[in-house]
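# Coordinate analysis (summary)
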Amino acid sequence: MKLLFDYRILTHKTYTGVENYAKNIFINLKNKLNINIAKPKTSNKYLAHLWTHLVLPFKSGDVLFCLANIAPIFVPKSKKLVVTIHDVAFLIYPESFSSFFRIYYKLIMPVVVKRADKIITVSNYSKNELEKYYPLSKGKIEVIYLGLNEGFKVLDNIKKKNQILYVGSINKRKNFIGVIKAFKLLNQKDFTLLIVGNFSTNFSIDELDKIILEKAKTNPNIAFKSGISDEELVKLYNESKLFVFPSFYEGFGLPVLEAMACGTPVVCSNSSSLPEVGGDAVVYCDPHSIENIKEKIEMVLSDEVLQQKMIQKGLERAKEFSWEKSADEHVKVFQEVLKS
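Residues numbered from 1 in each chain as written. Predicted model: local features only at pLDDT ≥ 70, side-chain atom pairs only at ≥ 80, totals over all residues. Heavy atoms only, no water.

### Quick notes on the side chain of K294
Filter applied, for reference: Secondary structure elements are taken from DSSP: a helix is a run of H or I of four residues or more, a strand is a run of E of two residues or more, and numbering for both begins at the N terminus. Note on definitions: a residue-residue contact is assigned when non-hydrogen atoms from the two residues lie within 4.5 Å.
By the element assignment, K294 lies in helix α11 (residues 290-301). The contact partners of K294, leaving out residues within four places of it in the chain, are A182, L185 and L186.

Pasting the structure below:
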């Protein structure tokens with residue numbers, strides 16, 4: 001079997017969870033399969049999407065694997081198509097995406113779902129969402145959880161700072177504004193808030209949120225970082241006393257897993273896929289209640305015994321997820337579609 005690997009997503013300059021998924025799956029697949037890498041020569045994102053539809057499907061391979069929700073609108077019948085659809089956020093939170101991506105996804109997704117021989121998604125929550133909005137996906141979906149890099153671990157000789165960490169895109173559905181508002185209700189003299197994000201123009205926020213964001217940038221107890229390496233991110237997780245992730249909507253929620261693996265207590269949303277990831281190792285909050293987010297943050301930060309219990313449970317929970325395991329499950333999907 002020759003796998004035709006759509007490498008377009010890995011040509012992006014900035015990474016979100018989708019790019020991290022693609023990178024780690026590629027690393028773990030390349031020694032298991034004969035892979036033909038296909039990527040556009042252009043860095044223009046619009047031309048790159050044209051390449052997806054006009055060039056990619058005619059590259060050599062038995063199975064075409066597209067990892068970022070989108071696949072060609074036409075794929076030769078001789079070639080099997082497997083596509084990973086992470087979520088349907090563009091339908092639930094359309095205001096979080098640029099006009100181009102909203103329209104593009106709405107037009108392309110029904111075609112992709114119909115043509116795909118198999119659809120991989122990253123949680124049972126996302127599976128249910130796909131089946132709800134795209135009934136043709138029923139019977140085609142395989143749930144494969146994301147994994148963890150070995151680098152996400154507890155580091156030696158790192159002391160916890162009075163630091164609350166948030167990691168995610170500056171995207172309305174991630175509820176980073178809720179993090180800022182909840183932090184403002186805390187005693188800010190005791191703690192700092194660090195927001196690590198991707199400030200991509202693919203995401204849009206409204207004018208009120210922009211004002212809150214700009215005001216937060218002038219707060220001496222709030223810091224922003226972007227474009228950091230995995231090594232830097234691991235250090236930040238390790239240094240932080242608490243990781244907070246009150247996202248409204250997640251297909252998986254990889255930062256929750258990363259924080260647990262680094263020995264950091266987690267407060268995250270009680271919604272979407274996050275309970276699948278966090279299990280009983282995290283404290284859940286209502287993402288729609290700033291007061292509840294604040295209360296759960298205070299509850300954890302004020303109780304060192306609870307923090308230690310959460311750290312131990314989080315470390316055990318994180319051991320259940322690996323990219324090696326995820327890649328093996330991908331291989332099974334590719335083998336199944338070739339037999340069908």
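Having seen the model, we can carry on.
### A few points about the pairing of strand β10 (residues 240-245)
Note the threshold: Throughout, exposure labels follow a simple rule: accessible area from a 1.4 Å probe, protein chains only, divided by the maximum for the residue type, with under 20% read as buried, over 50% as exposed, and the rest as partly exposed. The criterion for strand pairing is that DSSP finds at least two bridges linking the strands in question. By the criterion used throughout, a crossover qualifies as right-handed when its path from the first strand across the helix to the second strand runs clockwise, the strands pointing away from the viewer.
Extensive coverage of β10 is indicated by the burial of five of its six residues. Strand direction decides the pairing type here: strand β7 (residues 161-167) and β10, joined by three bridges, are parallel. Each bridged residue has a counterpart across the sheet, and for I164 the counterpart in β10 is L242. With three bridges joining them, β10 and strand β11 (residues 266-269) adopt parallel strand pairing. Counted as the bridge partner of F245 is C268 from β11. As a crossover connection, the stretch from β10 through helix α9 (residues 254-261) into β11 is right-handed.

### Here we look at helix α6 (residues 176-185)
The buried fraction of α6 is high, at seven of ten residues. Where α6 is buried, its residues meet β7, β8 (192-196), α7 (207-216), β9 (222-225), β10 and α11.

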